[in-house]
Number of protein chains: 2
Amino acid sequence: MTHQGQNIKVAVDIVIFSILDNALKVILIQMKKKPFTGKWAFPGGLIGNKESLDDAARRELAEKSAVTNIYLEQLYTFGNPKRDSNGRVISAAYFALIDSSRIRLKTTDKYSDVKWFDIKNLPRLAYDHRDIANYALQRLRWKLEYSNIVYSLLPKSFTLSQMRRTYEIILGRKIDRRNFQRKVLSIDILKSTHRKQIGKHRPALLYEFKTRKPAIVEVL
Amino acid sequence: MTHQGQNIKVAVDIVIFSILDNALKVILIQMKKKPFTGKWAFPGGLIGNKESLDDAARRELAEKSAVTNIYLEQLYTFGNPKRDSNGRVISAAYFALIDSSRIRLKTTDKYSDVKWFDIKNLPRLAYDHRDIANYALQRLRWKLEYSNIVYSLLPKSFTLSQMRRTYEIILGRKIDRRNFQRKVLSIDILKSTHRKQIGKHRPALLYEFKTRKPAIVEVL
């Protein structure tokens, strides 16, 4: 195993999650290049020679959406020697969380299409991107239970029902309303805005996160 | 950014943890090659063209210790463009947990020395290995609270005091004996052997893990 002999490329791929139409969705791009023409995949690409992995992930993200200040985390590095039939590429996968009200999808001429897909109803994916999707969903669910990062999927102010609904959509199960409210208020991550949301339902108090920075905390 | 233009090497580095002499220790190797001659680092190296990242980590592990069936987990991939002054190398860092009673350190002619170091008292490390050490310790502490992986640091059968002591050493703080016992027994990961350990102290019941496979569970 010498420096000279190694012939491996390095890429990043990024799973961009958001809540749209009451579903957990991810951005997929439709590929142009052979032999994957027409296939769907997570956005990504080779990193630059002087670009860090994080910077490469941020660049890919910026190419897909006109949003900054997004929650971004390195997920896992996929390195199976046969994952890309065009030659060996290892991929550092990232996941990002975006409040859908802040996003505008951008198309580039690199791909033939870019779209949101329900994570529960993905098309056949190129490479090992099905594994990346599974891993990302698992990590997201885990992180949701043990951190405050749900803030990045919610608007600035929101009701406790909205927050609980976000958890239910991602975890794929019902959550008891009273237990959730008691637990969430007890861990002291929210502050009341003293304003109420008026709508179809009974007026409900609007909350904000005390800080919109990642922190470890048991939410459920 | 074209396939042709990229000039980056891929390596793995591995943080091998064990409990020895009532301290949390890691294996470091002393480097031979310039410009790092004499410096200490985590064991690692470039991956083979047909070798997966996991296989490369297992190979490095096997070269350092005559032990199989070790807990091994990918930690994080470090990709700062300036982390290696010899040329660009990105490193997928792994961490491993080993019961020290099962390990024999092996030296190879690749390095001038290989030794255990207390994680609280590391020498100056080569590359960005100080960052890798910090990240590995953080992940280990987190995993210890939210999984059963402490099994890989304990002998087959052990007392609850031994188990608690392992937690105390790694977390670097005292843990209340009664709360710990109650919590650990309530989460149903252990089974009694119905044997007792006889020694300096009052005879204590010996326990085993029901399964020695990683599982998510709140221990503390």
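These numbers come from a predicted model, not from an experiment. (Residues numbered from 1 in each chain as written. Chains lettered and ligands numbered in written order. Predicted model: local features only at pLDDT ≥ 70, side-chain atom pairs only at ≥ 80, totals over all residues.)

Okay, the interface of chain B and chain A next. Chain B puts 26 residues into the contact, and the matching count from chain A is 26 residues. Elements supplying a minimum of two residues to the side of chain B that touches chain A: β1 (9-20), β4 (44-46), β5 (71-78) and β6 (89-97) of chain B. Of all the elements, β5 of chain B adds the most residues to the side of chain B that touches chain A, at three residues. For the side of chain B that touches chain A, a count of residues per class yields 10 nonpolar, 12 polar and four charged. (Contact = placed C-beta atoms within 7 Å. Helix = DSSP H or I, 4+ residues; strand = E, 2+ residues; numbered from the N terminus. Nonpolar A, V, L, I, M, F, W, Y, C, P; charged D, E, K, R; others polar.)

Residues and elements named next belong to chain A. Here helix α2 (residues 129-146) crosses helix α3 (residues 160-171) at 150°, and the two axes come no closer than 10 Å. For the crossing formed where α2 meets α3, the hand is left-handed. When α2 is examined against α3, the residues Leu140, Arg141 and Leu144 are found in contact with a partner set consisting of Tyr167, Ile170 and Leu171. Residues belonging to the contact of α2 with α3 are distributed by class as follows: five nonpolar, no polar and one charged. (Axes fitted to C-alpha atoms, helices over the stretch in contact; angles between N-to-C directions. Left-handed = near helix turned anticlockwise from the far one by under 90°.)

What follows concerns the packing of α3 of chain A against helix α4 (residues 177-186) of chain A. Residue and element names in this part refer to chain A. Contact pair α3 / α4: the axes reach a minimum separation of 10 Å and the direction vectors enclose 105°. Compared by their axis directions, α3 and α4 come out roughly perpendicular. Contacts between α3 and α4 involve Leu160, Met163 and Arg164 on the former and, on the latter, Arg177, Phe180, Gln181 and Val184. (Parallel < 35°, antiparallel > 145°, perpendicular 65-115°, else oblique.)

As a further point, take the confidence of the model for chain A. Put simply, chain A has an average pLDDT of 90, and 96% of its residues get 70 or more. Both scores are available for the predicted complex, with the pTM at 0.89 and the ipTM at 0.86. (pLDDT = per-residue confidence, 0-100.)

In the superposition of chain B on chain A (RMSD 0.0 Å, axial shift 0.0 Å), the rotation amounts to 180°. The superposition of one copy onto the other is thereby described by a two-fold rotation axis. Here 100% of the contact residues of chain B are again contact residues in chain A; the copies associate through an equivalent surface. (Least-squares fit on C-alpha atoms with pLDDT ≥ 70 in both.)

Before going further, it helps to examine the pairing of strand β2 (residues 23-30) of chain B. All names here are of chain B. When you tally the buried positions in β2, you get six out of eight residues, the bulk of the element. Bridge count between β1 and β2: four bridges; the pairing is antiparallel. If you follow Ser18 over to β2, its bridge partner there is Lys25. Of the strand pairs in this sheet, β2 and strand β7 (residues 113-118) are connected by six bridges, and their pairing is antiparallel. When the bridges of β7 are listed, Leu28 appears paired with Lys115. Taken together, the two bridges between β2 and strand β3 (residues 40-41) define a ladder with antiparallel strand orientation. Bridging from a neighbouring strand, Ile29 pairs with Ala41 of β3. (Buried ≥ 20, exposed ≤ 12 C-beta atoms within 10 Å, placed from the backbone. Pairing = 2+ DSSP bridges.)

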